[in-house]
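Structural features, examined
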Amino acid sequence: MRRLAALTITVGLAAVIVARVGTPAGSSAALALGVALIAASIVGWLCEFVRLPRVTGYLAFGLLCGPSLANIITDPMARDLRTGSSFAVVVIAVIAGLRLNLRRRGPTLASTVLFAGTISVIVWVGIAASLSIVSVWIPLTSGLPFDERAVAAALTATLLVAASPAVTVAIIAESRARGPLADRSMEIAVLMQVVSLVLLAGWQAIAAFVFEGSAFRSADALVGVAWTILGSVAFGTAMGALLTLYLRYVGRELTIVLLTLCAILTAFTAPFGLEPFLAGLAAGLVVQNVLPEVGTVLHDAMEHAAMPVLVLFFAALGASMHVEAVATIGIFAVGLTALFAGFLRVGVSVGARVTGDTTPVVRALLWRALLPTAGTTVGGAAVAIALPDWGSRLQAA
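As a starting point, this report considers the structure included with it. (Residues numbered from 1 in each chain as written. Predicted model: local features only at pLDDT ≥ 70, side-chain atom pairs only at ≥ 80, totals over all residues. Heavy atoms only, no water.)

Brief notes about the overall build of the protein
Put simply, the rule reads: Secondary structure elements follow DSSP: runs of H or I of four or more residues count as helices, runs of E of two or more count as strands, with numbering from the N terminus. Think of it in three bands: residues with accessible area under 20% of the maximum for their type are buried, residues over 50% are exposed, and the middle band is partly exposed, with areas taken using a 1.4 Å probe on protein chains only. By definition, residues are in contact when any of their heavy atoms lie within 4.5 Å. Residue burial considers only the protein chains on display, and all accessible areas are found by Shrake-Rupley using a 1.4 Å probe.
Per the secondary structure count, the protein includes 18 helices and zero strands. Relative to its full complement of 397 residues, the protein shows a buried share of 48%. The long-range fraction of contacts in the protein, counting pairs at least 24 apart against all pairs at least 6 apart in sequence, stands at 80%. When the accessible surface of the protein is summed, it comes to about 18,400 Å², and 71% of that surface belongs to carbon and sulfur atoms.

Describing the packing of helix H4 (residues 75-99) against helix H10 (residues 254-269)
The following threshold applies: Every axis in this analysis is a line fitted to C-alpha atoms, fitted for helices over the stretch in contact. Angles between the N-to-C directions lie between 0 and 180 degrees. Each angle is binned into one of four classes, with values under 35 degrees roughly parallel, values over 145 roughly antiparallel, values of 65 to 115 roughly perpendicular, and all other values oblique. Here is the rule for handedness: rotate from the far helix to the near one, and if that takes an anticlockwise turn smaller than a right angle the crossing is left-handed, while a clockwise turn gives right-handed. Only Asp, Glu, Lys and Arg are considered charged, only Ala, Val, Leu, Ile, Met, Phe, Trp, Tyr, Cys and Pro nonpolar, and every remaining residue, Gly among them, polar.
The interhelical angle for the contact between H4 and H10, taken along N-to-C directions, is 120 degrees, at an axis separation of 9 Å. Put simply, H4 runs oblique to H10. The chirality of how H4 crosses H10 is right-handed. Touching Ser 86, Phe 87, Val 90, Val 91 and Val 94 of H4 are Leu 259, Cys 262, Ala 263, Leu 265 and Thr 266, all from H10. Taken together, the residues of the contact of H4 with H10 sort by class into eight nonpolar, two polar and no charged.

Section: the environment of Trp 124
The following threshold applies: Nitrogen and oxygen atoms within 3.5 Å of one another constitute a polar contact, given that in protein one can donate a hydrogen and the other can accept it, and given that sequence-neighbouring residues count only through two side-chain atoms.
Structurally, the position occupied by Trp 124 is in helix H5 (residues 106-134). A sequence separation of 223 residues divides Trp 124 from Gly 347, and the C-alpha atoms of the two residues are 9.8 Å apart. Leave out the neighbours within four places in its chain, and Trp 124 touches Ala 154, Ala 157, Thr 158, Val 161, Leu 199 and Trp 203. A distance of 3.3 Å separates a polar side-chain atom of Trp 124 from the backbone oxygen of Ala 154.

Following this line, the structure appears as structure tokens:
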């Protein structure tokens, strides 16, 4: 009861401040962060009390108090939270990298790549083919000629193939999950995002040519995605190498050093068009595979201290959900989600057979771990920039 009362007081005070006083530009970020950390953590505890995951509470708080519903977290505050969530994504990525020891996973690495590739192909082909067939009746594509409808279906399927490793890793870290399902889901989610970025490069180039007849824009799209992937990995690897040298020869004030590393990765990825998650993942991988014992200790320490980061990440994710957009696209959104879940389940089943994975929990539950697709935001934004008319409508959907 005390926690419920604390939640009521926190949200009530925030509502009064927003309604009566307003949120000056200099204080909106602090208010949003404070409310999110206090209230979302209490909601997460209440969800755990009724045997629901804590992250459900974090998401529910962000959605219910966000701009689409109660508007206690206003649009400017939600933007501030999203900015802070970029730092959270980097922290989550470093945790993921510190968990992946390529030497220990060497014997199963090829089967994991095959597993992820099989899922990606089945999901992409299934969704692209299905959307191509029904594209005449979909509001987003009904007015387009056949070739543009086909490309639009392929682009939509590409965005859905992108599993969200940040969400997957965050859930694993929050629940302290261990075992084959946690390992498989994290590895496959990362690989599926890489596959989606490669597919996005190709189809964005084709879309630029089909929609606008511009070969130059097509080449520019390919170069842009190649820079995002290779540049992110190179930058993260360099930062990971510097951290490894520091750990080997200095090894003091690790909390400050790790926070500084994550802050640098956050600050320099967006301005240079890099992917924060890939950069953070590469940095963690370098440390884990050069200094495995130190990397494991750092992973456990960061995972145990990650609660504020996870609260911020999921609360920002909930606040960024557009309920009005879901209401507008209605049946199309529900149908697309069901289609994605169905092909994802088929892909996991086929991938397990192809790779010989007989682990029951992986066959039964892996598809659920790969359902989040929050990582497609960057891809949707890229399509919206490249194709201002149709792409912006796809991003809203």
